[in-house]
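Descriptive analysis of the structure
Listed below are the residues making up each chain.
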Amino acid sequence: MNLMTTIHGRQAIAAAALLMMLVASAASAAPAVIATRPIPDVDPADLTFFVGAISDSGRSLKASSLELIIDGERASEPPTMQPLSEWATTAAEASATWRPPVSVGLVYLWVTGVPSGVLDGIQGFFQRVPSRTTVYPTIYGRMRQGRARLTAADVSRLGDVAYLEGYRPNMIDAIRLELPDLAADTAALKILLLVTDGRDFADPKGDGPGDFSVLGRDLRKAGVTPLIVAIPAPEADAAQATANLRELHDAAGGFLRSLDQTSDIENTLESLGQSVADLQRVRFTTPFSWRLFGGSHRLLVRQTAAGGQRLNADIGMVSAAPSGLRWLLVALVLVIAGVVGGAVVMMKGRRQPAVGRSSSRAGRGDDDDDDDRDGDDDGDRRDDDGEEILQAAHDLIRRGASPRRAVEELSRSFPEGVSSLVQVDQETLQDPRFPYFRTRPGRMRLQEIRDILAKKSAAVPTLTSGLAAVLAEAVESQMPAEQAAEMLAARVGADEWTAFAGLDLDRLAEALRASSRSHPLLARPRARGVAVAIQDALRAGSGSHGILVGWLVRTGGPGRRGETLRISGEGRCVVGQAPGCAIRITGDGTIAPEHAVFTIEGSAFVIAPLGGSLSVEGATVPERHVLSDGETIGLGAGLFIFKSASAGNLSSGNVGPRSARRAPAVPRSISQR
């Protein structure tokens with residue numbers, strides 16, 4: 001009888017646990033939307049916030065489009081967007097003291113029986129987020145153990161911590177140890193990364209769980225977003241553990257995934273880190289009326305994921321204080337209206353017949369038509385050249401070229417017309433063919449390019465000593481222009497010979513005259529003809545579209561994490577186990593002899609399956625996929641991050657002589673974000 005009672009009791013517990021897990025799974029099946037409150041940007045007229053979404057499996061739901069809704073109506077100007085990871089990389093390069101707007105409280109169960117994949121997964125999470133992210137770690141078991149504050153780049157130090165006592169773990173105490181540090185942190189996005197089995201014995205007697213609803217409300221009040229990954233709890237406590245986490249998730253929001261298999265912990269945590277890195281930094285300029293009249297406004301974001309799923313994020317209310325200039329503006333409008341009205345009255349009084357003047361103009365009209373038509377043809381040609389230069393500049397900005405690199409490429413491809421960028425009008429920048437010019441970062445980068453060009457145009461033209469020496473040698477030896485161009489590109493930097501190739505006749509003559517003091521041969525009459533011929537050879541040199549380099553960084557599966565595999569940039573690069581493969585992956589039985597192939601199309605790498613399974617960002621690739629920097633590739637049981645870099649001419653035009661091109665070096669070590 002006692003035996004049957006025990007069996008029935010265990011079956012009841014198992015059934016209850018299964019029911020709780022199903023309910024929790026259904027409750028957390030919807031995508032988790034993450035959004036922060038708007039904060040002022042560097043320009044007080046601009047506001048920024050972060051927004052993104054996570055699927056029920058923990059993968060990033062990248063937004064293919066985003067709409068900003070203000071007080072129920074679509075914003076008149078689209079906001080600018082940039083992934084957190086890209087923005088953080090640029091900001092970190094610009095300042096050694098810059099700190100990401102993200103802080104993470106890390107709480108994880110660390111007792112005997114917890115799978116080792118927990119630490120690997122945690123490290124995978126922090127490899128994806130900005131490396132300077134502040135981390136507040138707390139390890140817990142029966143007791144909790146706070147650790148010194150770290151950065152995401154230092155999380156690997158936690159691997160030296162021994163297991164804690166596992167009897168009756170107290171999860172709530174560990175989270176509450178974190179909460180004051182997270183609440184006091186000034187970061188815009190505060191995340192609690194919780195890895196747990198859901199058990200808690202925090203009530204005063206130590207026999208049952210504490211109040212998770214109160215804890216969840218405290219997290220929400222502090223502006224903390226929990227990302228919870230649950231590993232299976234012991235069978236006897238499974239039902240209560242599931243109920244604990246569901247209660248916390250219902251009160252605090254965020255993300256919750258309960259794993260059936262501990263082997264999924266590593267990939268789940270790494271995917272969550274990528275979801276944080278993929279959050280969009282949204283920036284928009286507040287209307288002038290907000291700053292003038294003040295008031296409160298509600299913001300809503302409608303984002304469409306790549307699969308067509310539509311998600312809404314309530315950003316909240318934005319309050320603006322009224323400006324003291326509003327009454328001054330009203331008075332100014334009244335004055336202007338009075339002046340305009342008076343001017344209209346005066347013009348009516350002075351109006352006279354203009355027939356005679358019209359007739360005299362008509363007499364000259366026929367003679368001017370031919371000149372106008374000739375001028376129109378010249379203007380059309382200038383417009384075509386200007387649009388080609390604008391398109392090249394737009395492509396360079398889209399590909400992330402630095403301002404100096406962009407000026408160098410544009411000067412090579414358009415030596416005589418590149419200066420027209422300095423005078424481009426604002427109306428042209430609104431052309432829908434150039435979407436990056438309509439974003440604030442794009443406009444800022446274009447302005448930097450224009451400033452460099454303006455400075456070069458205003459500077460007195462000079463020739464460096466090395467360049468002048470080559471020209472003097474070419475004049476003295478009567479060297480062919482093509483040979484002199486090759487020598488010039490080999491001896492001086494690309495920026496020097498590019499600037500020389502872009503000099504017009506007047507500025508070239510001035511530069512030769514200035515250099516003739518140290519090189520008298522350049523004062524000879526034929527020196528200018530030699531220099532012009534070398535300029536033409538530089539402009540018409542046999543260029544290329546640059547050099548593209550790619551590599552893979554192992555992040556999961558069999559093999560050493562961080563291993564770097566170079567992708568050949570010539571022809572086909574086959575991946576597999578066969579001896580003839582350019583990239584050989586051994587130690588993974590799921591890799592085919594010829595598993596996949598990389599090729600280059602235009603300025604991008606393309607991957608296609610051959611004899612094995614292939615996925616990109618978790619989606620199966622049936623035929624081919626054009627890769628983007630930072631995407632995760634699944635080959636067999638392994639996971640790799642794809643990285644790429646380019647050098648040489650990034651624009652669509654050709655560059656100078658072959659000797660001017662330099663191949664980039666693949667980094668010896670790949671930073672783990």
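Residues numbered from 1 in each chain as written. Predicted model: local features only at pLDDT ≥ 70, side-chain atom pairs only at ≥ 80, totals over all residues. Heavy atoms only, no water.

A tally of regular secondary structure across the protein gives 18 helices and 27 strands. Looking at the 673 residues of the protein, the share that counts as buried comes to 44%. A sequence separation of at least 24 residues applies to 68% of the contacts in the protein between residues at least 6 apart. Carbon and sulfur atoms make up 52% of the accessible area of the protein, which totals about 34400 Å². (Helix = DSSP H or I, 4+ residues; strand = E, 2+ residues; numbered from the N terminus. Buried < 20%, exposed > 50% of the residue type's maximum accessible area, 1.4 Å probe, protein only. Contact = heavy atoms within 4.5 Å. Areas by Shrake-Rupley, 256 points an atom, 1.4 Å probe, with all protein chains shown as cover.)

Before going further, it helps to examine the side chain of Thr 134. Locating Thr 134 in the fold gives a position in strand E8 (residues 134-140). For Thr 134, a relative accessible area of 8% gives the class buried. If we skip the residues at most four places from it in the chain, Thr 134 touches Arg 99, Val 102, Ser 103, Val 104, Arg 149, Leu 150 and Asp 185.

Here the focus is the environment of Pro 558. Among the secondary structure elements, Pro 558 is positioned in the loop between strand E17 (547-556) and strand E18 (564-567). Setting aside residues up to four positions removed in sequence, Pro 558 forms contacts with Gly 587, Asp 588, Ala 637 and Gly 638.

Take the sheet that holds strand E21 (residues 596-601) next. With respect to topology, five strands assemble into an open sheet ordered E20-E19-E21-E22-E25, the strand pairing being mixed. Lying at the two open borders of the sheet, with one neighbouring strand each, are strand E20 (583-584) and strand E25 (625-626). (Pairing = 2+ DSSP bridges.)

As a further point, take unusual backbone geometry. The backbone phi angle of Gln 478 is positive, close to 55°, even though this residue is not glycine. Take Gln 478: it is sitting in the loop between helix H14 (465-477) and helix H15 (481-491). Judged by relative accessible area, which is 61%, Gln 478 ranks as exposed. Unlike most non-glycine residues, Glu 617 shows phi in positive territory, near 55°.

Summed over the entire model, instances satisfying the criterion amount to seven aromatic pairs. Ring centres of Trp 110 and Tyr 163 lie 4.6 Å apart, and the angle between their planes is 40°; on these two criteria the pair is classed as tilted. A residue pair is termed long-range when its members are at least 10 positions apart, and Trp 110 in the loop between strand E7 (102-109) and helix H3 (117-128) and Tyr 163 in the loop between strand E10 (150-151) and helix H4 (171-184) qualify at 53 residues. Ring centres of Phe 125 and Phe 126 lie 5.0 Å apart, and the angle between their planes is 75°; this geometry places the pair in the edge-to-face category. You'll find Phe 125 and Phe 126 in the same group, each marked buried. Aromatic ring contacts, followed pair by pair, group Phe 50, Trp 87 and Trp 98 into a single cluster. (Phe/Tyr/Trp six-rings, centres within 6.5 Å; stacked < 30°, edge-to-face > 60°.)

The next thing to look at is helix H18 (residues 525-539). Here H18 contains 15 residues, and its C-alpha end-to-end distance of 23 Å stays within 8% of the 21 Å for a straight helix at 1.5 Å per residue. Every buried residue of H18 is accounted for by Ala 527, Val 530, Ala 531, Ile 534, Gln 535, Ala 537 and Leu 538. Relative to the axis of H18, the buried residues are bounded by an arc of 160° and lie together on one face. (Expected span 1.5 Å × (residues − 1). Arc of directions from axis to C-beta.)

Consecutive residues of a regular strand have side chains that alternate between opposite faces of the sheet. Burial along strand E19 (residues 573-576) is two-sided: Cys 573 and Val 575 facing one way and Val 574 and Gly 576 facing the other are all buried. Note that E19 and E21 share three bridges and pair antiparallel. The residue of E21 that forms the bridge with Cys 573 is Phe 598. Two elements, E19 and E20, share two bridges in a ladder whose sense is parallel. Across the sheet, Val 575 pairs through a bridge with Ile 583, a residue of E20.

A complete count under the given rule lists 14 salt bridges for this structure. With a shortest N-O distance of 4.0 Å, Asp 154 and Arg 157 are connected by a salt bridge. Residue class for Asp 154 comes out partly exposed when judged on its relative accessible area of 24%. Looking at Arg 157, the relative accessible area reads 52%, which means it is exposed. Taken together, the shared-partner salt bridges in this structure form one network comprising Arg 128, Glu 266, Glu 270 and Arg 561. (Salt bridge = Lys/Arg side-chain N within 4 Å of Asp/Glu carboxyl O.)

We now examine the confidence of the model for the protein. Taken over all residues, the pLDDT of the protein has a mean of 76, while the share at 70 or more is 76%. Put simply, helix H1 (residues 2-27) is where the protein has its lowest mean pLDDT, 42, and strand E11 (residues 189-196) is where it has its highest, 95. Of the regions scoring below 50 in pLDDT, residues 542-546 engages in 19 contacts with residues more than four places distant in sequence or in other chains. (pLDDT = per-residue confidence, 0-100.)

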